Amino acid sequence: MSETIDRKKIALVSGANRGIGLAIAIGLAQRDITVLMGSRNIENGQKACEGLKEEGLDITPVQLDTTDDASVWAACGIIQREYGRLDILVNNAGIGLDFAQDLSVTERLEATLNLNVIGTLRLTDALIPLLEEAGHATVVNVSSELGSFGLRANQDWIYASYIMPTYQASKAAVNSLTLSYATLLGSKGIKVNAICPGYTATDATKEAAVAPTRTPEQAAIVAIKLALIGADGPTGTFENEAGPLPW
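None of these values were measured; they are calculated from a predicted model.

Focus: the overall build of the protein chain
Within the protein chain, the secondary structure is distributed over seven helices and eight strands. For 247 residues, the compact-globule formula gives about 18 Å, and the C-alpha radius of gyration of the protein chain, at 17 Å, lands near that figure. Overall, the C-alpha framework of the protein chain stretches about 50 × 40 × 30 Å when taken along its three principal axes. Sorting the 247 residues of the protein chain into buried and exposed places 51% on the buried side. Across the protein chain, contacts joining residues at least 24 apart in sequence account for 69% of those joining residues at least 6 apart. When the accessible surface of the protein chain is summed, it comes to about 11800 Å², and 53% of that surface belongs to carbon and sulfur atoms. Once the 19 positive and 28 negative side-chain charges of the protein chain are each reduced to a mean point, those two points are 1 Å apart.

Next up, the structure:
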């Protein structure tokens, strides 16, 4: 494992060409970090990057489909060749299909788990050697308080009436992976935490019955905070910008 020195950090954000992922990528780049913008469609990533470099932001689009082994390993190869390490991984790519009426409930669950859970696991596992090379690295899993068993048991919780079975199940699984990998990777100098960005105005929520009021920039704050923790920072935690959340 290489020693940690004062150098520009390298970050990869999945699903980063729009919404919360884009806000996280921009926020990290504004803190003098080299950011690789993971985008399933590279053209969309390139379009999202237009103008950002002119603002002095070090953001580069990278084709990344976390449901595809070949795409993940190709992205890993780019990081290995260009940088030799990865300091920050933000697992942001995700979907919610509970209201997709053209799909059966099992189809919704299969597709949601494939991206939100298996995709997160696939990408994280492939990048462990590069994260280890950083000396101190952070992994941030974008989860949701909708996957919290502790909050779900509270009838006074603001979202107690929100029932999204497949999305909730996927985020509960992401939380479980967060705890497991925090333990598995602790000895390698890798911190793994989960965050809830809150109910945010994005393309995914634009047709929601109740319009969200939070912006992607607000949602990105807690992800950026945990991405930038030091070697003495927490691991195996779940929080939003207000503080810790129950699992």
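Considering the side chain of E239
Locating E239 in the fold gives a position in strand 7 (residues 238-240). Of the polar contacts made by the side chain of E239, one reaches the side chain of K225; its length is 2.9 Å.

Looking at the pattern of salt bridges
This model, assessed by the stated rule, comprises seven salt bridges. The salt bridge involving R214 is made with E241; its shortest N-O contact spans 2.8 Å. Of this pair, R214 sits in the loop between strand 6 (190-195) and helix 7 (216-227) while E241 sits in the loop between strand 7 and strand 8 (243-244), and the two are 27 residues apart along the sequence. Residue classification places E241 among the partly exposed positions, given a relative accessible area of 48%.

Criteria and cut-off values
Residues numbered from 1 in each chain as written. Predicted model: local features only at pLDDT ≥ 70, side-chain atom pairs only at ≥ 80, totals over all residues. Heavy atoms only, no water. Helix = DSSP H or I, 4+ residues; strand = E, 2+ residues; numbered from the N terminus. Rg over C-alpha atoms; globule rule 2.2 N^0.38 Å. Buried < 20%, exposed > 50% of the residue type's maximum accessible area, 1.4 Å probe, protein only. Contact = heavy atoms within 4.5 Å. Areas by Shrake-Rupley, 256 points an atom, 1.4 Å probe, with all protein chains shown as cover. Lys, Arg positive; Asp, Glu negative; His and termini not counted. Charge placed at Lys NZ, Arg CZ, Asp CG, Glu CD. Polar contact = N/O pair within 3.5 Å; in protein donor to acceptor, adjacent residues only side chain to side chain. Salt bridge = Lys/Arg side-chain N within 4 Å of Asp/Glu carboxyl O.

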